[in-house]
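These are the residues of each chain, in order.
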Amino acid sequence: MGCLNQRLSSFLNNRWLVFVAAMWIQSCAGIGYLFGSISPAIKTSLNYNQRQVARLGVAKDLGDSVGFLAGSLSEILPLWAALLIGVIQNFVGYGWVWLVVTGRVPVLPLWAMCILIFIGTNGETYFNTAALVSCVQNFPKSRGPVVGILKGFAGLGGAILTQIYAVMHSPDHASLIFMVAVGPTMVVIALMFIVRPVGGHKQIRPSDGFSFSVIYGVCLVLASYLMGVMLVEDLVDLSHTVIIILTVILFVILLIPILIPVALSFSWEPRTSMEEALLPESQKEGPSKSEDRDEDIIFSEIEDEKPNEVDLLPASERQKRIAQLQAKLAQAAADGAVRIKKRRPHRGEDFTLMEALIKADFWLIFFSLLLGSGSGLTVIDNLGQMSQSLGYDNTHVFVSMISIWNFLGRVGGGYFSEKIVRDYAYPRPIAMAGAQVIMAVGHFFFAMGWPGAMYVGTLLVGLGYGAHWAIVPAAASELFGLKKFGALYNFLTLANPAGSLVFSGLIASSIYDREAEKQAHGRHPGQRSLLSSFSSFVFLDDPLKCDGAICFFLTSMIMSGLCIIAVVLSMILVYRTKTVYTHLYGRTRR
């Protein structure tokens, strides 16, 4: 009995159990990707036009991207409390929206609906933060695979929830909003006490590599299965019983990873574990912060003082000369003979947010991300209307597909960009430029409206959009360091709602309603200025509906052009950072 209790305790404190629970929570953190499915129900019930729907989309993007509060609270509260705050926000925000849409409470003004959407979607940031913080602490030397898998499950969340919704077999599309409010709430409450740091750095096993391979395999099987199911459901009229069976198989696949902590905790084989260092050895010795700063300053001063010919020496001789110079500077500084002045960091060193904000490289990343991911988010937010305008009734299929391609884009973007920097020591932003070229082609397919173009466009834009969120965090950490990475990353994520505000809230909605007016009145309206387009975005008009490829033709062509501009910005960044990546990864190639 005592042995069983010991193994049960080991299971409950196993870092792989935390990881699996975090994966399940992350599958509920992709509710923002369902906006394309729930927006038609909101639009119909409340008689909104496309601009009003676009404003709700901007509120959703702001809620999904503004994670400063979640990050701050996670540092002072236990993670279960942070998760509980996210649950409350999700339930209250989307629950109230459901009550409004179904007529159970009085209709609220548009600004109040925007606040509710913001609050509900902002709950995702707490799910993301708790999952990432706990797993990064439990897997300190495997952060790349852990973050990639967790982000991938967030990308798959929309497809998973859509398949569960299909089982409900409800003709009322507002029930999807109810599921968004209740489903994640139930899952997170059930798991919130499991997701926590459990001293995972002491649980290293030789089998960890195999365990990660199993998780990756499950992710790929899950993505392939969801894609197959969605295509079958779109092409064949399946009975409700078959849909239930397909959903049960989905749950079985989602449950497979739990076998890893079960096997590790209850197997009778002798267990060997090694302790993984949470901090570098130099930090374990306990130097003071002032000593660390002095050492960093002296090291930085060497870069200014060393002769140019030192860089031309062989690696061993160069390191020897630099060590000698560092020792002389340290002794001179201790004796007061020289005064070491702190300089601004160079690329590849640790930056604060304020230091990064005055660097051209940082703004190149920001605006390239704004144009690339912003154009992708415009498609995600308007996918329901885009598919309806082309005559597709089941908009949920495309929402699920772009969620799956988004996941594969994150996995593939991280994998291929890592191959580029590791094997060729070439700047990682080249992978972002490639993703933006793919997105430009995808937007072109949307513009043409050819038969099957929705499927191809969804594939290409989903892959490219997802790749951004695997490439940008890694590139930012390489160019600006890890010390203030949280602040840097949260600032870069603001590019998402900024792009959505301009591209979806102003450009796409104005063009859609203009084309709808042409179809409704059978005449060519007068030309609108940018000021009048913005005015139309702010003030409310009667609901309009547009049919045909013309509805999003101009918007998609503009998005394609913006992606080409993003490619140019990324290539400028590649040119500027070649020496940094050669310095970071060139030695590993040798």
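Note that the structure is a prediction, hence the values are computed from the model and not measured.

A look at the state of the cysteines
Two cysteines joined by a covalent bond between their sulfur atoms form a disulfide. Within the structure shown, the criterion is met by 1 disulfide. Linked covalently through their sulfurs, Cys-546 and Cys-551 form a disulfide whose S-S length is 2.0 Å. Measuring handedness by torsion sign, the sulfur bridge of Cys-546 and Cys-551 sits at about -95 degrees and is left-handed. Overall, Cys-551 belongs to the buried group, its relative accessible area being 0%.

So, the packing of aromatic side chains
Scanning the model with the defined rule gives 20 aromatic pairs in all. Ring centres of Tyr-392 and Phe-398 lie 4.9 Å apart, and the angle between their planes is 75 degrees; on these two criteria the pair is classed as edge-to-face. Classification of Tyr-392 by relative accessible area gives partly exposed; the value is 22%. Members of the aromatic cluster, joined through ring pairs, are Phe-351, Phe-362, Trp-363, Phe-366, Phe-367, Phe-480 and Phe-491.

Brief notes about unusual backbone geometry
Positive phi outside glycine occurs at Asn-47, with the angle close to 55 degrees. Looking at the element boundaries, Asn-47 is found in the loop between helix H3 (35–46) and helix H4 (50–65). One non-glycine residue, Ala-425, lies in the positive phi region at around 55 degrees. For Ala-425, the position within the fold is in the loop between helix H18 (396–424) and helix H19 (429–448).

Let's talk about the nonpolar core
One finds Phe-19, Ile-42, Leu-56, Leu-150, Leu-222 and Leu-226 to be the most contacted residues of the largest nonpolar core, which totals 138 residues. Top contributing element to this core by residue count: helix H17 (residues 360–389), with 12 residues. Not counting residues up to four positions away in its chain, the partners in contact with Leu-226 are Leu-156, Ala-159, Ile-160, Leu-250 and Ile-404.

Procedures and definitions
Residues numbered from 1 in each chain as written. Predicted model: local features only at pLDDT ≥ 70, side-chain atom pairs only at ≥ 80, totals over all residues. Heavy atoms only, no water. Disulfide = S-S within 2.5 Å. Buried < 20%, exposed > 50% of the residue type's maximum accessible area, 1.4 Å probe, protein only. Phe/Tyr/Trp six-rings, centres within 6.5 Å; stacked < 30°, edge-to-face > 60°. Helix = DSSP H or I, 4+ residues; strand = E, 2+ residues; numbered from the N terminus. Core = buried A, V, L, I, M, F, W, Y, C linked by side-chain atoms within 4.5 Å. Contact = heavy atoms within 4.5 Å.

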